[in-house]
Amino acid sequence: MTDACVIGLGYVGLPTASLMATAGLHVVGVDVNAERVDAIERDEVVMDEAGLGTLVSAARKSGNLRASIEPVEAEVFVICVPTPVTGDQHADLSMVEAAARAIAPLVRPGNLVILESTSPIGTTRNVVGGALRDAGLAPGVDVHLCYCPERVLPGNTVAELINNHRVIGGVTERCARRARDMYARFCQGEITTTDDLTAEMVKLTENTFRDVNIALANTLARIAEDAGVDVWRVIELANRHPRVNVHQPGPGVGGHCIPVDPWFLVDGFPRHAQLITEARTINDTQPRRVLDRLVAIGAVRPGDTIAILGAAYKADIDDSRSSPGAALAAVAREAGFDTRLHDPRARRQHPGDEPITRDLTAALQGAAAAVVCTDHAEYRRLTPAVFTEHMAGRVLFDARRCLDPGAFIAAGFTLLAIGVGDAAPVSPPLAAADATRADVAASNDPKSC
Ligand code: SAJ
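Keep in mind that what you see is a predicted model, and the values were worked out from it rather than measured.

Enquirer: In this structure, what is going on with the layout of surface pockets? I would like to understand it.
Expert: The rolling of a water-molecule-sized probe over the atoms marks out the regions of remaining empty space. When its volume is computed, the second largest pocket comes out at roughly 880 Å³. Lining the second largest pocket we find 34 residues, and of these Leu153, Arg210, Ile214, Ile258 and Lys314 sit closest to its centre. Among the elements that take part in the lining of the second largest pocket, helix α8 (residues 196-227) stands out by supplying 7 residues, more than any other. Split into classes, the residues belonging to the lining of the second largest pocket amount to 15 nonpolar, 9 polar and 10 charged. Summarising the domain contributions, the lining of the second largest pocket has at least three residues from each of domain 1 (2-195) and domain 2 (228-443).

Enquirer: Honestly, empty space enclosed by the protein in this entry has me stumped. Any pointers?
Expert: By the definition in use, this model includes 4 cavities of 30 Å³ or more. Roughly 60 Å³ of volume is contained in the largest cavity. Lining the largest cavity we find Asn218, Ala221, Arg222, Glu225, Gln286, Arg289, Val290, Arg293, Phe397 and Ile418. Each residue belonging to the lining of the largest cavity can be placed in one class, and the counts come to 4 nonpolar, 2 polar and 4 charged.

Enquirer: What am I meant to see in the pattern of salt bridges here?
Expert: Pairs can form between side chains of opposite charge once their charged atoms are near each other. For the coordinates displayed, the defined rule picks out 26 salt bridges. Asp31 is paired through a salt bridge with Arg36; the nearest N and O atoms lie 3.3 Å apart. Arg36 gets classed as partly exposed once you look at its relative accessible area, which sits at 35%. For Arg108, the salt bridge is made with Glu73, and the minimal N-O distance between the two is 2.7 Å. A residue pair is termed long-range when its members are at least 10 positions apart, and Arg108 in the loop between α4 (94-103) and β5 (112-115) and Glu73 in the loop between β3 (65-68) and β4 (74-79) qualify at 35 residues. For Glu73, a relative accessible area of 32% puts it in the partly exposed group. Linked through salt bridges whose partners overlap, the residues forming this network are Glu41, Asp43 and Arg60.

Enquirer: What exactly am I supposed to notice about helix α13 (residues 324-334) here?
Expert: An α-helix turns once every 3.6 residues. As a result, residues three or four positions apart point the same way. All of the buried residues along α13 are Pro324, Gly325, Leu328, Ala329, Ala330, Val331 and Ala332. Of the surrounding elements, those touching the buried residues of α13 are α12 (286-296), β9 (305-309), β10 (338-342) and β11 (369-372). Backbone geometry just downstream of α13 places Gly336 in the positive-phi region, at approximately 100 degrees.

Enquirer: Would you take a moment to explain the side chain of Thr157 for this structure?
Expert: Mapped onto the elements, Thr157 comes out in helix α6 (residues 157-163). A polar atom in the side chain of Thr157 sits 3.0 Å from the side chain of Glu49. In contact with Thr157, other than residues within four places in its own chain, are Tyr11, Pro15, Glu49 and Val152.

Enquirer: Mind showing me how you'd approach the site of the ligand here?
Expert: Neighbouring residues of the ligand: 21 residues in total, closest Val152, Lys203, Asn207, Arg210 and Tyr313. Within the side chain of Glu150, one N or O atom sits 3.1 Å away from an oxygen atom of the ligand. Burial of the ligand by the protein chains amounts to 89% of its free accessible area of 770 Å². Of the residues forming the shell around the ligand, the biggest block, 5 residues, is contributed by α8. Broken down by class, the residue content of the shell around the ligand amounts to 8 nonpolar, 5 polar and 8 charged. Two domains each donate at least three residues to the shell around the ligand, and these are domain 1 (2-195) and domain 2 (228-443).

Cut-offs and rules
- Residues numbered from 1 in each chain as written.
- Predicted model: local features only at pLDDT ≥ 70, side-chain atom pairs only at ≥ 80, totals over all residues.
- Heavy atoms only, no water.
- 1 Å grid on protein atoms, 1.4 Å probe; cavity = no way out; pocket = protein on both sides within 12 Å on 5 of 7 lines; lining within 4 Å.
- Points joined across faces, edges and corners; volume = space filled by probe spheres on them.
- Helix = DSSP H or I, 4+ residues; strand = E, 2+ residues; numbered from the N terminus.
- Nonpolar A, V, L, I, M, F, W, Y, C, P; charged D, E, K, R; others polar.
- Domains from an automatic or database assignment.
- Salt bridge = Lys/Arg side-chain N within 4 Å of Asp/Glu carboxyl O.
- Buried < 20%, exposed > 50% of the residue type's maximum accessible area, 1.4 Å probe, protein only.
- Contact = heavy atoms within 4.5 Å.
- Polar contact = N/O pair within 3.5 Å; in protein donor to acceptor, adjacent residues only side chain to side chain.
- Near = heavy atom within 4 Å.
- Areas by Shrake-Rupley, 256 points an atom, 1.4 Å probe, with all protein chains shown as cover.

Read these as layout, nothing more, since geometry by itself doesn't imply function.
As structure tokens, then:
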């Protein structure tokens, strides 16, 4: 008998299935993508996640992990499939529904079914529970049904799956306890049990909190630009207050979670969600504001080339879903600019996505301006030389404040940053105030570009 059947072998499902296997459970990992299944059967891991390759290899060597496109009977079923939003910001639960209906005929009384996918409040009992009821099973009575969200930070998934606190929501307390005993087999973090609705809202709250706070940081950045202040210095000093934690402004909010999950609350409770909607709008207009500032200072005109460094939605990962860099490339191209999107790690997710080049000199060649959208370690090491050698213009918009301002200013660049007005000096972080403020202020004179 298979101990666990994990549906969905992506960023969460594959490490989860592997951790269960290395904890001694007999696991069948299931995915509709036959290529992904075949790759796992060949012990190949394509995702750039610290420790994932080693973990999957150990799981395969233990003989406890098999990949398949078909689900099988098991004691425990874990659903880890994507839950995107539609173009009009409604939850797309079609993959949860499909996974639940695929396993329902295989679920037996006494089995445990867990939904891990981030979902609107009520999904566990209504969508997954509905599929089980249609198969003649009574969730909470003859089958255990729970919701258990993951909290992993992409790039550190394996460590966080093991160590992070877990919330488990059961349609009954007995269900939650049954799931807690299973997760305790491989989770070393504290586990708290609650009901399914609370657990679903906890997950949405965590990511909505982050999105709203990033929107606050981006709002403060807009104010600072007009006020002639460096918002990064403001935030650094404000965060020295023991109870203040202002987030970082940026060129946009990417990934498959933060820009998505808040819409589940808006979709379900529109009468109360104005703040959440406004935060989403602020964050999603950041890429356009980067372009508008370049145009406003005369750094670029339609027809010029803009080099965009960073397709991954954040530093040192290969995931380009909803990336700010790709969003900037799209709005710039629509405005008549030639764009070159570079990234040392990220790969294009779908054929219609922005093309990504690995060749930095080609991306910079002849560019009127360059924009850093992702603070990859590879970019932090860059000196002005590669820019001056290949670019036609001398404007750098460091939207992640990850390059040394002094070096670029000394090389004759006009330096732009989110949250630093054209009149304000782009001051380095407090810890490294090596560039003089006068030098930096002079660099922002638009006539110098
Ligand atoms: N970002 C900012 N400013 C900030 C923080 C992030 O602009 O201060 C941007 C990032 O550059 C990125 C986007 O927001 O483009 C999202 O990055 P992230 O690190 O905030 O989020 P994820 O999607 O990588 O991971 C989040 C995490 N949630 C929280 O931190 C509350 C993670 O714990 C979740 O498990 C994950 O979403 C998820 O899967 O839900």
